[in-house]
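Read off the chains here:
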Amino acid sequence: MSVPLKPLSLIYNEKSGFHAANKDEIYEQLMTNLTAYGYEIQAFEISAETDFNRFMDKIIARHLEAEEIGIVVAAGGDGTLNTVATKLMDTEIPMGIFPLGTFNYVARLLHIPLDLLKAAEVIAKGQVRKVHVAQINDHIYLNNASLGLYPLFIQRREIYNRRFGRLALHAYTSALDVMIRDRKELKLEVEIDGKKYPVKTPLIFFGNNQLQLAEMNLRIAKSVELGKVAGVVVAKSDKRTLFKILLQLIRGNLDHAPDVYSFSADNVQIHSKAKKLTLALDGEIVEMQPPLHISVRKHALKIMVPYDSTSV
């Protein structure tokens, strides 16, 4: 009697380089290896789907109807992971990761290898770990969300990436470019666990990845692990202050930058008289109508991570 194959749905982002010509042999080996572990693989290119919600509903139904639930694999950068995770949250289906982004903070935090063949072993032989997911209104972020200058950094970085290729250096050159040209301030009221603070700021940053926050040397990194909303507010927008902040960011010492204040809370709300606010969520630009409600959904997403014998 044959053993039924387990469903594996591979959702990839062509822009991340998946199926690049110089990596075809690796991808063929990935498919061969995963098939050998008893998976029936179906692959989908994320931008080819005109109705992503309907598309994901079909994928989820495929897994829930199978004898074994299988795995949905996201192949791309953290923006791709965010898109897939949005639909997998609060389901029994675990998410596997092929890390193909610039920084790959989610994979690195969970000790998922950046080598794709080793990452495939984690998908096939690892264990499920439940992770916290932060949320702003109807959107989630796995790594970070921000208002003010940071969305402009992202937009400028994408221009550099298209012209010169994807390099980590562009995260800093785009920030420098924006600070020289586009310094703006937001007038907001930030409500932290019920207490309101008027704020005039060029940048508010929320982090949900303790590795990223630890690399910035921010003390709030620990609070993220506990399922808290972790935020950073910049209090001044003059060019001198912003250059100092960028320098401390590059040094990984943001907590010592001038006029930078960090906080953690269970719930945060942001009020504004503006009709819409532009945010960056895991590197993707989104517009939202205030007020913004920020919270953390604890243990809401299952991800395949390397097997740890000490956890059994």
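From a predicted model like this one, the values you see are computed outputs, not experimental measurements. (Residues numbered from 1 in each chain as written. Predicted model: local features only at pLDDT ≥ 70, side-chain atom pairs only at ≥ 80, totals over all residues. Heavy atoms only, no water.)

(A) A look at the overall build of the protein. A tally of regular secondary structure across the protein gives 10 helices and 16 strands. Residue burial in the protein is summarised as follows: out of 312 residues, 50% are buried. Just so you have it, the protein exposes about 15800 Å², and 50% of that area is on carbon and sulfur atoms. (Helix = DSSP H or I, 4+ residues; strand = E, 2+ residues; numbered from the N terminus. Buried < 20%, exposed > 50% of the residue type's maximum accessible area, 1.4 Å probe, protein only. Areas by Shrake-Rupley, 256 points an atom, 1.4 Å probe, with all protein chains shown as cover.)

(B) Fine view of the confidence of the model for the protein. For the protein, per-residue confidence averages 84 on the pLDDT scale, and 77% of positions sit at 70 or higher. A low-confidence stretch, residues 154-161 (pLDDT under 50), is modelled with 22 contacts involving residues beyond four sequence positions or located in other chains. (pLDDT = per-residue confidence, 0-100. Contact = heavy atoms within 4.5 Å.)

(C) Seen up close, unusual backbone geometry. Cis rather than trans, the peptide bond between P290 and P291 has omega equal to 5°. Position of P291 among the secondary structure elements: in the loop between β15 (284-288) and β16 (292-305). Of note, N104 is a non-glycine position whose phi angle comes to about 50°, a positive value. With respect to the helices and strands, the residue N104 is situated in the loop between β4 (95-99) and α4 (105-109). Assessed through its relative accessible area of 7%, N104 is described here as buried. One non-glycine residue, H111, lies in the positive phi region at around 60°. Within the secondary structure, H111 is located in the loop between α4 and α5 (116-125). Given a relative accessible area of 62%, H111 falls into the exposed group.

(D) Geometry of the pattern of salt bridges. Within this structure, the stated rule accounts for 9 salt bridges. Note that D266 is salt-bridged to K228, the shortest N-O span being 3.0 Å. Remark: K228 occurs in the loop between α9 (221-225) and β11 (229-234) and D266 occurs in the loop between β12 (260-265) and β13 (268-271); sequence separation between them is 38 residues. (Salt bridge = Lys/Arg side-chain N within 4 Å of Asp/Glu carboxyl O.)

(E) Spotlight on the packing of helix α2 (residues 52-65) against helix α3 (residues 78-88). It is the contact of α2 with α3, at a shortest axis distance of 10 Å, that shows an interaxial angle of 60°. Between α2 and α3, the angle falls in the class oblique. Crossing handedness for the pair α2 and α3: right-handed. Contacts between α2 and α3 pair F52, N53, M56, D57 and I60 from the former with T83, V84, K87 and L88 from the latter. By residue class, the composition of the contact of α2 with α3 is 5 nonpolar, 2 polar and 2 charged. (Axes fitted to C-alpha atoms, helices over the stretch in contact; angles between N-to-C directions. Parallel < 35°, antiparallel > 145°, perpendicular 65-115°, else oblique. Left-handed = near helix turned anticlockwise from the far one by under 90°. Nonpolar A, V, L, I, M, F, W, Y, C, P; charged D, E, K, R; others polar.)

(F) Structural context of α5. Residues of α5 that are buried: L116, A119, A120, V122, I123 and A124. Check the buried side of α5 and you find it contacts β1 (6-12), α1 (24-36), β2 (39-45), β3 (71-76), β4 and β16. Looking at where α5 begins, the residue whose side-chain oxygen comes 3.1 Å from the main-chain nitrogen of L117 is D115. (Polar contact = N/O pair within 3.5 Å; in protein donor to acceptor, adjacent residues only side chain to side chain.)

(G) Representation of the sheet that holds β15 in the model. Across the sheet, which stays open at both edges, the 6 strands sit in the order β12-β11-β10-β7-β14-β15 with antiparallel pairing between neighbours. At either margin of the open sheet sits one strand with a lone partner, and together these are β12 and β15. Strand-to-strand twist of the sheet, defined as the mean angle between neighbouring strand axes without regard to direction, takes the value 20°. Examined bridge by bridge, strand β7 (residues 144-148) and strand β10 (residues 203-207) share 5 bridges and lie antiparallel to one another. Bridge pairing in β10 places L147 opposite I204. (Pairing = 2+ DSSP bridges.)

(H) Structural detail: α1. With 13 residues, α1 should reach 18 Å at 1.5 Å per residue; the first-to-last C-alpha distance of 18 Å fits that figure. Taken as a whole, α1 has its buried residues at Y27, L30 and L34. Around the axis of α1, the buried residues are gathered within 50° of arc, so they sit on the same side. Counted as exposed and oriented over 90 degrees from the buried face of α1: E25, E28 and A36. In the core, the buried residues of α1 are packed alongside β1, β2, β4 and α5. Where α1 terminates, the next one or two residues include G38, which has phi positive at roughly 90°. (Expected span 1.5 Å × (residues − 1). Arc of directions from axis to C-beta.)

(I) View of the nonpolar core. Counting 48 residues, the largest nonpolar core has L88, M95, F98, L301 and I303 as the members making the most contacts within it. Setting aside residues up to four positions removed in sequence, I303 forms contacts with M95, I97, V106, L110, I112, Q127, V128, R129 and V131. Of all hydrophobic cores here, the second largest spans 25 residues; its members include Y141, L147, L292 and V296. (Core = buried A, V, L, I, M, F, W, Y, C linked by side-chain atoms within 4.5 Å.)

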